[in-house]
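If you want the building blocks of each chain, they are given just below.
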2 protein chains.
Amino acid sequence: MSTDTRLTPLVASLPATVPFVGPEAQERARGRPFAARLGANESVFGPSPNAIRAMQEAAAETWMYGDPEAHDLRHAIAAHHGVGADNIMLGEGIDGLLGLTVRLFMRPGDCAVTSAGAYPTFNYHVAGFGGTLHTVPYVKDCEDPASLLAKAAEVDAKLIYIANPDNPMGTWHDAAAMQAMIDAVPETSMLILDEAYVDLAPEGTAPDIDTTNPNVLRFRTFSKAHGLAGLRVGYVIGHADVIAVYDRVRNHFGLGRVAQAGALAAIQDEEWLAHITKTVARGREAIAQIARDNGLVPLTSATNFVTVDCGADGAFARAVLAHLIEAGVFIRMPGIAPQDRCIRIGVGSDGDHAALAAALPTALAKTREDHGGQSG
Amino acid sequence: MSTDTRLTPLVASLPATVPFVGPEAQERARGRPFAARLGANESVFGPSPNAIRAMQEAAAETWMYGDPEAHDLRHAIAAHHGVGADNIMLGEGIDGLLGLTVRLFMRPGDCAVTSAGAYPTFNYHVAGFGGTLHTVPYVKDCEDPASLLAKAAEVDAKLIYIANPDNPMGTWHDAAAMQAMIDAVPETSMLILDEAYVDLAPEGTAPDIDTTNPNVLRFRTFSKAHGLAGLRVGYVIGHADVIAVYDRVRNHFGLGRVAQAGALAAIQDEEWLAHITKTVARGREAIAQIARDNGLVPLTSATNFVTVDCGADGAFARAVLAHLIEAGVFIRMPGIAPQDRCIRIGVGSDGDHAALAAALPTALAKTREDHGGQSG
């Protein structure tokens, strides 16, 4: 904490911790690159070739600001979802949009509800605007709508966060369950439905989009199935009256020309999305098999990663993770018990999976040695 | 304004106005593209060819998030300025960084000081965080350090904004004047020194960078001389203790991989920057000559635009602007009297200048007709 008395008391009270340390920082610390980059839920299969071409063409036009209204991209996304362009707000990734959303709805002292161990960047923004965060436990490795709604009613939550599918567990609820949750949101609350991974989930995971409902905001991204994490483009779908409010506070020129061009080509390439969905499903099975081959239990996943139960406690899983990182396999893991008995492994290339398969037995053996024969 | 009672009272009170309407929106409204795009202070000469190449290569790597610490770019910028990497914070353009800066230092009701008619995005962010903005007039078309400091002392300002060189007037103070201002900033205030255009100003405009001074933050951008407005990369230079505080609130993964690659190549191409500086200086003279040829008075400019005194009042200048836009020449103008007697014309290509030279006599003639022979 700083002792700079010019800072607002809120900012002065905030910790210097960051939601995620990047793999590049870890590579700099270890002095060599990772052999497999499977920790950030990126798509190693890359974006649509059309998107790469569009970005390369746009590179020569970067002397111009991007359209602050992102008209073409916004209309293409609206068409993709069958909603109006005024139901879409674009931003610098879901992360950036979550920050704006917290700012719109939460005063210092207002409450938000999430699950203990769910996506930490939401928590970061709630803290950043002085909100009070209440958590409920996962139930059977799933975020639990009933618990979230009950806690929200108890604390009069302004915002209720749920990711479906969930990160870091990869679990999900079907559309009927999510629709029931949406229908139960109190009028005084807003449901933040983070659907970053929904393109990769089974048919029937996303409930129908109803833009007449002012109590739910649905967050989508180009960072996962679309393979454009390094562009930073996300969007939120909602009631036009709510969407319009973002214009009062957002960085209007925040979305650049290359970013808009790449995302536009990506949203229009349905074929690539279908190809990626299948490829990722095969990759999940490959990782699950590697886990099983090593006596571990993979959780069924609707995302581009597989969360693997190491069969013991958090200390055990953290040791497995450390040994894998030492061996050049970048992965991450859930931060909170009991989910932290697991490690989280992103779908990669065949080469990435081979590196994982080669490193995992040794990582487990070393961990068991350190932990005096603890199972896992 | 929305009547949504879930919004914070501050957000509910904010107007829906935006700092700038993009030229694309104007093109959509008029149904045809502009012949000359000279209104957004962009660099028609584009970025360094090395930057274009770097962005094109990075396009294939966009499946990876950008390094959240922007290590390589930050270190290259630090080397460029001869400061430490911990004196540099990158962000989504100066606009984004201004928003974060206001958030760090201003509580609702706190005061900031700027000049009436200066860069409006600072004002937008002050309003967005509930701050109270005090303004002082320009003096001889320059932002006036003495007036700003006096007002800051009077209202106990948390933030004092000045752009040097100034936008929208193109005027500037020399390094000695700016250093005197920096030295006079009260300990309880922070000087926001926006140097977006300083690369294009005469030698001796930027005072030495002193990172031991915790009372000044200096804002730079890749959007102007570097020709990368469409990438959205800006940075702030300051005392390491102040710079570190941004990490508590910023969107850590907000700067993408293409953006970092393009900016890195740009900062390393000193030759291109020197070429652009000369080219822009020639372009300023070309615009000034067109203004003089039409009986108007160009202000001497240290930027990539020339502000031209139309010799009458704001209504007259607004009519000239409207006629130029009608003729396909996109420009903007100062918003507040007495500066709004001027129009602001960006340096363009020879073709852009030819379009301006062709359109200006008619625009002036039509305006004089409408205004009953008013001079200008």
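The notes below deal with the structure included here. (Residues numbered from 1 in each chain as written. Chains lettered and ligands numbered in written order. Predicted model: local features only at pLDDT ≥ 70, side-chain atom pairs only at ≥ 80, totals over all residues.)

## Overview of the nonpolar core
Reasoning step 1: By size, the foremost hydrophobic cluster in this structure holds 246 residues, and its most contacted members are Ile160(A) and Ile160(B).
Reasoning step 2: Residues contacting Ile160(A), with those up to four places away along its chain left out, are Val113(A), Leu148(A), Ala152(A), Val185(A), Ser189(A), Leu191(A) and Ile192(A). (Core = buried A, V, L, I, M, F, W, Y, C linked by C-beta atoms within 7 Å. Buried ≥ 20, exposed ≤ 12 C-beta atoms within 10 Å, placed from the backbone. Contact = placed C-beta atoms within 7 Å.)

## Let's talk about the pairing of strand β4 (residues 132-136) of chain A
Residues and elements named next belong to chain A.
Reasoning step 1: The pairing of strand β3 (residues 111-115) with β4 spans five bridges and is classified as parallel. By the bridge assignment for β4, serine 115 is matched with valine 136.
Reasoning step 2: What joins β3 to β4 is helix α6 (residues 120-128), and the crossover it makes is right-handed. (Pairing = 2+ DSSP bridges. Helix = DSSP H or I, 4+ residues; strand = E, 2+ residues; numbered from the N terminus. Right-handed = clockwise from strand over helix to strand, strands pointing away.)

## A word on unusual backbone geometry
With the exception of glycine, the majority of residues adopt a negative phi angle, and the majority of peptide bonds are in the trans configuration.
All names here are of chain B.
Reasoning step 1: Geometrically, the link from asparagine 167 to proline 168 is a cis peptide bond, its omega value of 25° lying close to zero.
Reasoning step 2: Topologically, proline 168 is positioned in the loop between β5 (159-163) and α8 (175-184).
Reasoning step 3: With an omega of 0°, the peptide bond running from alanine 337 to proline 338 counts as cis.
Reasoning step 4: As for its placement among the helices and strands, proline 338 is situated in the loop between β11 (329-330) and β12 (342-346).

## Describing the interface of chain B and chain A
Reasoning step 1: Counting residues at the interface gives 69 residues for chain B, matched by 69 residues for chain A.
Reasoning step 2: Broken down by secondary-structure element, the contributors of at least two residues to the side of chain B that touches chain A are α2 (23-30), α3 (49-59), α5 (93-105), α9 (240-245) and α10 (257-268) of chain B.
Reasoning step 3: With six residues, the top contributor of residues to the side of chain B that touches chain A is α5(B).
Reasoning step 4: Its residues assigned to classes, the side of chain B that touches chain A shows 31 nonpolar, 21 polar and 17 charged. (Nonpolar A, V, L, I, M, F, W, Y, C, P; charged D, E, K, R; others polar.)

## A closer look at the sheet that holds strand β4 (residues 132-136) of chain B
Residues and elements named next belong to chain B.
Reasoning step 1: Reading across the sheet, the seven strands line up as β2-β8-β7-β6-β5-β3-β4 and stay open at both edges, with mixed pairing between neighbours. Pairing within the sheet leaves two strands with one partner each, and these edge strands are β2 (88-91) and β4. Neighbour-to-neighbour, the strand axes of this sheet turn through a mean angle of 20°, independent of strand direction.
Reasoning step 2: With two bridges joining them, strand β3 (residues 111-115) and β5 adopt parallel strand pairing. Of the residues in β5, the one forming a bridge with alanine 112 is leucine 159.
Reasoning step 3: Docked against the sheet, helix α7 (residues 145-155) engages β3, β4 and β5, running at close to 165° with respect to β3. (Axes fitted to C-alpha atoms, helices over the stretch in contact; angles between N-to-C directions.)

No statement about biological role is implied by the geometric values presented.
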